[in-house]
Every structure is written in C-alpha cells, then in structure tokens.
Amino acid sequence: MAKVAYFSGQKFPLEMHKVRIIQKLTLLPVEDRLKAIEGAGYNTFLLENKDVFLDMLTDSGVNAMSDNQQAAMLVADDAYAGSATFTRLHAKLQEFFGMEYFLPCHQGRAAEHILSRAYVEEGSVVPMNYHFTTMKAHVTACGGELVELLGPEGVAVTSQDPFKGDTELAALEALIKERGAENIPFFRVEAGTNLIGGQPVSLANYRAVYELCSKHGIKVVLDASLLADNLHFIKAREPEFANWSVADITLAIAECADIIYFSARKLGFGRGGGICTNSKEVYSDLRSWVPMFEGFLTYGGMSVREMEAITVGLDETLDEDMINQGPLFIEHFVDEMDQRGIPVITPPGGLGAHIDARGFLDHVDQRQYPSGALAAAVYVASGVRGMERGTLSEQREPDGTEPLAHMELLRLALPRRVFTLSQVQYAIDRIHWLYANRRLVGGLEWIEEPPILRFFYGLLRPVGDWQHALVAKFRQDFGDSL
Ligand SMILES: *Cc1c(COP(=O)(O)O)cnc(C)c1O
C-alpha cells in the first residue's frame, strides 16, 4: 500500500526514506536567470547546472542512491574478466526477470544499438507502442521503419485512461497482415512510455501483445527503462493485481517478452544498462556486439562500482516503499497544477509532470516552438530547468520542411528520491504565476540550427522582446524576493 498523509482532508505523498547527504543549491535573482538563459541561447540543455535551482531536466543518471547502494560500491570487485561484481549483478537479474542470460552495456541506447544492428535491416518494419528518440535513431540508421500502435487515447492531452501506453491490438494485427511477419524482426513495447508523459502499459496488454506476436513468430522486446513506475501503476490502477507483490508483477511482465533491455540510469538507480533473455539463440545473436562496442562480457562499459549499485538498486525496485515516491510526487505535482487550471497531461504518469505548452501558450504559433519558449520562461520565473519535448525535438525532413510534433510538452522530470515536497510546491507556485502572466511570453526563432539533434545544441532568441516584460512583471509582483 502506498503511504500517504492527510492534512485538512487533502492527500499528501509520504517519503519512506530520509535524507542523509545533501547538496547545497543556489537560487539566482531573476535578472541573473535572464542572463543565464540568454547565454544558453534559450535552450535549457545549455544552462550550467550552477545557475539552476531545481534541475528537472531528466531522471537519467540523477536519481539519488541509498546508503546500501553506496556501501555496496565500496566492495566492488575490479577485474577485467569474471569479476564477482558481475556474478552478483547477473544473479540478481536472473531473480528479477527470471531470465538466464545477461549482456551488459554502458547505457540504454547501447542496448538499442546492439539490438538494431543484430535484427534490423533495410526494409524491416519495427512496430512499437510509441517510439523513444534513441531507439528511433538506431532503427532508422539500420534502414528500418518505425510504426507506432498506441490507441487514440495515448496522445490525448487529458484523459481518464489509466493505461495510455497500451498497444492497440487490432492495429498490430492489421500491420502483421499488411506487411508480413517475416519483415517484422521484433515488436518493441516500452514500459512507462517516455515521450507521451511516462504513461504505463497494463499487464493485460503485455499479455495480449505477447500472445499475438508469438502466434506469428514475432519476438517481443521490452524496453524496461521506466519499469519501476509501471509496476506502481499496475498495482494502483489494475484491480486484478492490487494484491500481487511487485516481484510477481515483474516476473509476469517478463514472461511477456523474449528480450528485455534497460537503461540502468533509470531502472536500478545507477548508471549502466543491459539486455536479458532466456533464449540461447538470441544470446548468441547479440553477444559478439558487446566486446566490439561496449567492453568485455563481464562489464560492458560499466564501472564495477555502478554494477554493485545497480544490483542493490534492483532489490530496492521490488520494494513498494522505494518505487512509490516518484509516481506519488508526480501525482501531487500534476493534480495541484490541474486544480489551478494549468494545462497538464492527465492522468499523471511516471517520470515527471508534463505541461501542455500548446494549451499554456495558445497564442504562440507552433512554428515558434511554444514548448521551448515555455521551458525558457519557466526557468526565468523560477530557476527550475525542464526539457522541451515538442517540435524543437523533431528533425527537419530532407527537403527542409519541419514536421510539427503530435504534442507540445514541457517535461518537468522528478529524479527519484531527490526533491522535497516543498520544492515541488515552489515549482507549482511559480508556474501558476507564469500561467497568470502567460500573455507576456512569446515564441522563439533560430540563431543557429544544427542539422541533427538540434534540440541539444541549437541556439535561439525570443521573437520580439518579451523576456524583458516578463522580468519587469516579476519584479513588480515579487518585490525584492528572488
Ligand atoms: C532513457 C531511456 C532510454 C535510453 O537510455 P540511456 O541510458 O539514456 O541511453 C531508452 N528508453 C527509454 C524508455 C528511456 O527512458
């Protein structure tokens, strides 16, 4: 059961851990925040962390470690080949997923690289519930085509659907019929779909997809990077499994996959990655790529310290009290913004709170990057750094035209076990102020647009001069406070 507290009838999440190491933060005055975002070309990726108050850019590799993880790191066994650390991690994964084989790699995208190199070729069709940026890059680099099979609720901004990450079975069946099972090297299901707001997949859907794919001899690949949140949501939202242990739900999901890969920058509160399978054939298909790109088979580019931390982190992932904190904080974050009329993705997912930038800045043309403008404006108003997930994160077509994203989102990630509730409350308060003053915020235009992965390095500037009006209004409303 999730632990919560009630104050004046309102529900609050309750942390089942205490903080024993801290990092001091700074909150710059609003004028300095404006200078910092100007220096960063209005791109939050280019801000220096020292200028950021609450870093909600991502949950990747920035989750807080536990005392037990830190302790385990001290007893790591450093050997190029055959270290006891590897044996411990391998045994833990066998228990966690019930799969015999494990190939280590340095992070999630390395697993995607190996899988794509091994199985995707010119003409391959790779269906999935929804894409993730790095997987899309690898599949297309190998000549494959990606097809997304979410139901219509999946990309709806507001919804009551508890499992927006579910695959539409009829669409999968039609695709297999149309393109032929022999052209589909695997189906990829992403637990806790990152790009549509950390939305979960139901156990019923994992099972149905596996049954359909198996009937046609198509392998199912599970991207388990965001599995921890999905485990929480299955217990909380799928009544049939409310009394199941997290360990049993994990095994039931794993039974619906032929291959599981994960980023341990998310799953396991560490930094690394890996691929698991029960098939000897799959293992030998994939094995040779590991020493070629990652490192020897018993470390795969990871440090042994991180491997020890992941081993303990996986155990913590099977403890409800450890995995509930993220989703419960996010639920609070989303519900409080929703109550203030701020347009947010509902129901709350994992990973972070997602603001609908098209709703927030409905006066800004999508070609002037409302999500990017909102990310910059939130930083100026609060010192909180989020990530643009909209048209700016897309790539131009070869003819130079610009595809507009399905959803214009500002993602405010909550790294696990890092922020306190009063920090979340502060972010809500400043975003609420910005919402009341949203007409002051305008769009962005390019100063320098890189041809690939432009959202990482691109430099932009405000269309017009809206940033100064925003800072002036801030001073007027907040006096000399920061
Ligand atoms: C982060 C992430 C990846 C990529 O993992 P990295 O460790 O960042 O390379 C893949 N899939 C999902 C769902 C992710 O969230």
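Residues numbered from 1 in each chain as written. Predicted model: local features only at pLDDT ≥ 70, side-chain atom pairs only at ≥ 80, totals over all residues. Heavy atoms only, no water.

(A) Structural context of the environment of Pro127. Note on placement: Pro127 falls in strand E5 (residues 125-128). When the C-alpha atoms of Pro127 and Leu251 are compared, they prove to be 23 Å apart, with 124 residues separating the residues in sequence. Contact partners of Pro127, with chain neighbours within four places excluded, come to Val147, Leu149, Leu172, Leu175, Ile184, Phe186, Phe187 and Arg188. (Helix = DSSP H or I, 4+ residues; strand = E, 2+ residues; numbered from the N terminus. Contact = heavy atoms within 4.5 Å.)

(B) Quick peek at the side chain of Lys235. Among the structural elements, Lys235 can be located in helix H8 (residues 227-237). Classification of Lys235 by relative accessible area gives buried; the value is 15%. A distance of 2.5 Å separates a polar atom in the side chain of Lys235 from the backbone oxygen of Trp244. Beyond its immediate sequence surroundings of up to four residues, Lys235 is in contact with Phe241, Ala242, Asn243, Trp244, Val246, Ile249 and Glu320. (Buried < 20%, exposed > 50% of the residue type's maximum accessible area, 1.4 Å probe, protein only. Polar contact = N/O pair within 3.5 Å; in protein donor to acceptor, adjacent residues only side chain to side chain.)

(C) A look at the packing of aromatic side chains. Tallied over the full model, the rule gives 20 aromatic pairs. Each ring, one from Tyr369 and one from Trp446, has its centre 5.7 Å from the other, and the planes form 65°; the classification is edge-to-face. With Tyr369 in the loop between helix H15 (357-360) and helix H16 (370-382) and Trp446 in strand E15 (residues 444-448), this pair connects stretches of sequence that are 77 residues apart. The class of Trp446 is buried, set by a relative accessible area of 16%. Feature note: the residues Phe45, Phe455, Phe456 and Tyr457 constitute an aromatic cluster, connected by ring pairs. The ring centre of Phe455 lies 5.2 Å from the NZ or CZ of Arg389, which sits over that ring. Here Arg417 stacks its cationic end above the ring of Phe269, 3.7 Å away from the centre of that ring. (Phe/Tyr/Trp six-rings, centres within 6.5 Å; stacked < 30°, edge-to-face > 60°. Lys NZ or Arg CZ within 6 Å of the ring centre and 35° of its normal.)

(D) Layout of the sheet that holds strand E11 (residues 352-356). Within the open sheet, the three strands sit side by side as E11-E14-E13. Their pairing is antiparallel. Every interior strand has two partners, whereas the edge strands, E11 and strand E13 (387-389), have only one. Put simply, the sheet's adjacent strands are angled 30° from each other on average, direction ignored. As paired strands, E11 and strand E14 (residues 409-413) are joined by five bridges and run antiparallel to one another. Bridge pairing links Gly352 to Ala413 in E14. Against the sheet, H16 makes contact with E11, E13 and E14, and its axis sits at roughly 40° relative to E14, the strand it touches most. (Pairing = 2+ DSSP bridges. Axes fitted to C-alpha atoms, helices over the stretch in contact; angles between N-to-C directions.)

(E) Fine view of the packing of helix H17 (residues 421-436) against helix H19 (residues 466-478). At a minimum axis separation of 12 Å, H17 and H19 run at an interaxial angle of 120°. Helix-helix and strand crossings are classified by hand; for H17 and H19 the assignment is right-handed. When H17 is examined against H19, the residues Arg430, Trp433 and Leu434 are found in contact with a partner set consisting of Leu470, Lys473, Phe474, Asp477 and Phe478. Of the residues belonging to the contact of H17 with H19, the class tally is five nonpolar, no polar and three charged. (Left-handed = near helix turned anticlockwise from the far one by under 90°. Nonpolar A, V, L, I, M, F, W, Y, C, P; charged D, E, K, R; others polar.)

(F) Just the nonpolar core, in detail. Judged by nonpolar contacts, the single largest core of 59 residues is most densely connected at Met56, Phe333, Met337, Ile355, Phe360, Leu374 and Leu434. Not counting the four nearest positions on each side in its chain, Met337 is found in contact with Ile342, Val344, Ala353, Ile355, Ile428 and Ile431. (Core = buried A, V, L, I, M, F, W, Y, C linked by side-chain atoms within 4.5 Å.)

(G) Quick peek at the domain arrangement of the protein. Per the domain assignment, the segments making up the protein are domain 1 (4-59 + 323-478) and domain 2 (67-321). Between the C-alpha centres of domain 1 and domain 2 the distance comes to 28 Å. Taken together, the 25 residues of domain 1 in the interface contact 35 residues of domain 2. Buried surface at the junction of domain 1 and domain 2, both sides included, amounts to about 2600 Å², of which 53% is carbon and sulfur. Our count for the contact surface shared by domain 1 and domain 2 stands at three salt bridges. (Domains from an automatic or database assignment. Buried area = accessible area lost by both parts, 1.4 Å probe. Salt bridge = Lys/Arg side-chain N within 4 Å of Asp/Glu carboxyl O.)

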